[in-house]
Amino acid sequence: MKMMKAIGILHEAQSNDLTLMDIAIPTINKNEVLVHMQAIGVGSHNRWFRPSNAKYPYPIGIEGAGTIVEIGENVKNYIIGDQVLFINNMQPKGGTWANFSAISEDALISMPNGLSFIDAAALPVAGKAALEGGKALGLKTGDTVFIAGASGAIGTLAIQLAVADGYRVASSASEKNHAYMLSLGAEKVVDYVDETWAEQVRLWMPDGVDAALAIQPGTGVTSMKIVKDGGKVITISGDQFETERQITAEQIKHHPEIQRKLITLATEVADGHIRIIVEQVYPFEQGLEALKKVEARHAQGKIVLKME
């Protein structure tokens, strides 16, 4: 039995305690490929996301990039040696925090020329969330949007995509990130710890913004302060709250066409038209340290693990 390094949960009884472990390389079915992982995206959800029928020991992780080293008999669009990025939808045999991961063909996106494994691994989850958020906003050219908690991986993409769509953008971030937000195209940036942040946004847009994109937990309800009557708040964190002034609150939803848009986004990143912000790259063995940093929600951009 061939073995690999993985970070995950050794036994179900360990709950969410993670460990570096040696486990068997997963076997693939006829519709899957085996990917030799090169880089892995780190998300605050990683410790908790696993299916109810997970097979233990279970590697965590749902996104990454690597090279195909084995293909199932029904796989038609990829060959051994292809470089791919993907979101692995929490299948029972394990996630991406490992030397190798089994991935369904329909989850794969070919890496465009010029895209590094590091940037590719940073893109799938953040890119999908930003694209789904943009679709849910339903805005038109010239409309205004407030992006709450915008200095992380999702927010940095959301600002750029909103600007590319012709929206006027305000965002919140800690003061040290203000210049960075402005460089991405935001017109107005406020510090979320400043008690006057809402008043500052209202000075910029006195009648309120057309919509808000609430990324961090708890920002949905506070974002209503600066949304116009009858406007919209889209939550990425899953916040649920009572609305006021005929404001609509919605959570992002899955749309099949976003997979195609993610392919386009990967090309735009490779071409330099959209920036993917990677704050820090950790060696795989320091994955637990990287995860704790992301869980504290103080990362600027994306944290990525690099395989040796």
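Described in the following lines is the structure provided in the data block. Each chain has its residues counted from 1, following the order in which its sequence is written. Per-residue local features of the predicted model are confined to residues with pLDDT of at least 70, and side-chain atom pairs are confined, for both listing and counting, to 80 or more; whole-chain, interface and lining totals are unaffected and use all residues. With hydrogens and water excluded, all non-hydrogen atoms of the structure serve as input to the side-chain values.

Some words on the overall build of the protein chain
Right, so step 1: Secondary structure summary: the protein chain contains 8 helices and 16 strands in total.
Right, so step 2: Only the C-alpha atoms count toward the radius of gyration. The rule for a globule is 2.2 Å times the residue count to the power 0.38. In summary, the protein chain has a C-alpha radius of gyration of 20 Å against a globular reference of 19 Å for 308 residues, a match within 12%.
Right, so step 3: Overall, the C-alpha framework of the protein chain stretches about 65 × 40 × 35 Å when taken along its three principal axes.
Right, so step 4: Only protein chains enter the calculation, and the probe is 1.4 Å; a residue is then buried if its accessible area is under 20% of its type maximum, exposed if over 50%, and partly exposed in between. Counting the 308 residues in the protein chain, one finds 53% classified as buried.
Right, so step 5: We call two residues contacting when some pair of their heavy atoms lies within 4.5 Å. Pairs at least 24 residues apart make up 62% of the contacts formed inside the protein chain by residues separated by at least 6 positions.
Right, so step 6: Of the accessible surface of the protein chain, which amounts to about 13800 Å², a share of 49% is contributed by carbon and sulfur atoms.
Right, so step 7: Residues scored as positive are Lys and Arg, those scored as negative are Asp and Glu, and His as well as the terminal groups of each chain are ignored. Note that the charge is assigned to NZ on lysines, CZ on arginines, CG on aspartates and CD on glutamates. Charge separation in the protein chain, taken as the distance between the mean sites of 28 positive and 35 negative side-chain charges, equals 2 Å. Only DSSP runs of H or I reaching four residues or more are called helices, and only runs of E reaching two or more are called strands; each is numbered from the N terminus. Note that accessible areas follow from Shrake-Rupley with a 1.4 Å probe, and for residues the cover is restricted to the protein chains shown.

Details of helix α8 (residues 287-295)
Right, so step 1: For α8, the set of buried residues is Gly287, Ala290, Leu291 and Val294. The buried residues of α8 occupy an angular sector of 100 degrees when projected down its axis, which confines them to one face.
Right, so step 2: For α8, the secondary structure elements touched by its buried residues are β1 (3-9), β3 (32-42), β15 (278-283) and β16 (302-306).
Right, so step 3: The positive-phi residue at the C-terminal boundary of α8 is arginine 297, with phi of around 60 degrees. Note: the arc covers the axis-to-C-beta directions of the helix.

Points about the sheet that holds strand β13 (residues 227-235)
Right, so step 1: Two strands are counted as paired when DSSP detects at least two bridges linking them. Spatially, β11-β10-β9-β12-β13-β14 is the arrangement adopted by the 6 strands of the open sheet, whose pairing is parallel. A single partner strand is all that each edge strand has here, and the edge strands are β11 (188-190) and β14 (248-251). Pairs of neighbouring strands in the sheet enclose a mean axial angle of 20 degrees, with direction left out of account.
Right, so step 2: For β13 and β14, the ladder comprises 4 bridges, and the chain directions are parallel. The residue bridging valine 233 from the neighbouring strand is alanine 249, located in β14.
Right, so step 3: Orientation is described by axes fitted as lines to C-alpha atoms, over the contacting stretch for helices, and by angles from 0 to 180 degrees between their N-to-C directions. Packing of helix α2 (residues 124-137) onto the sheet brings it into contact with β9 (144-148), β12 (209-214), β13 and β14, and relative to β13 it is tilted by some 155 degrees.

What to know about the pattern of salt bridges
Right, so step 1: Salt bridges are identified by distance alone: a Lys or Arg side-chain nitrogen within 4 Å of an Asp or Glu carboxyl oxygen. This model, assessed by the stated rule, comprises 12 salt bridges.
Right, so step 2: Salt-bridge contacts for lysine 135 lead to glutamate 257; the nearest nitrogen and oxygen are separated by 3.1 Å. Note that lysine 135 is positioned in helix α2 and glutamate 257 in the loop between β14 and α7 (258-271), a separation of 122 residues in sequence.
Right, so step 3: The shortest N-O distance in the salt bridge between aspartate 143 and lysine 140 comes to 3.3 Å.

Quick notes on unusual backbone geometry
Right, so step 1: Cis geometry is adopted by the peptide bond preceding proline 57, which originates at tyrosine 56 and carries an omega value of 0 degrees.
Right, so step 2: Relative to the elements of secondary structure, proline 57 occurs in the loop between β3 and β4 (58-59).
Right, so step 3: If you check the backbone angles, arginine 245 has positive phi at about 55 degrees while not being a glycine.
Right, so step 4: Within the secondary structure, arginine 245 sits in the loop between β13 and β14.
Right, so step 5: Classification of arginine 245 by relative accessible area gives partly exposed; the value is 25%.
Right, so step 6: Although it is not a glycine, glutamine 246 sits at a positive phi angle of roughly 60 degrees.

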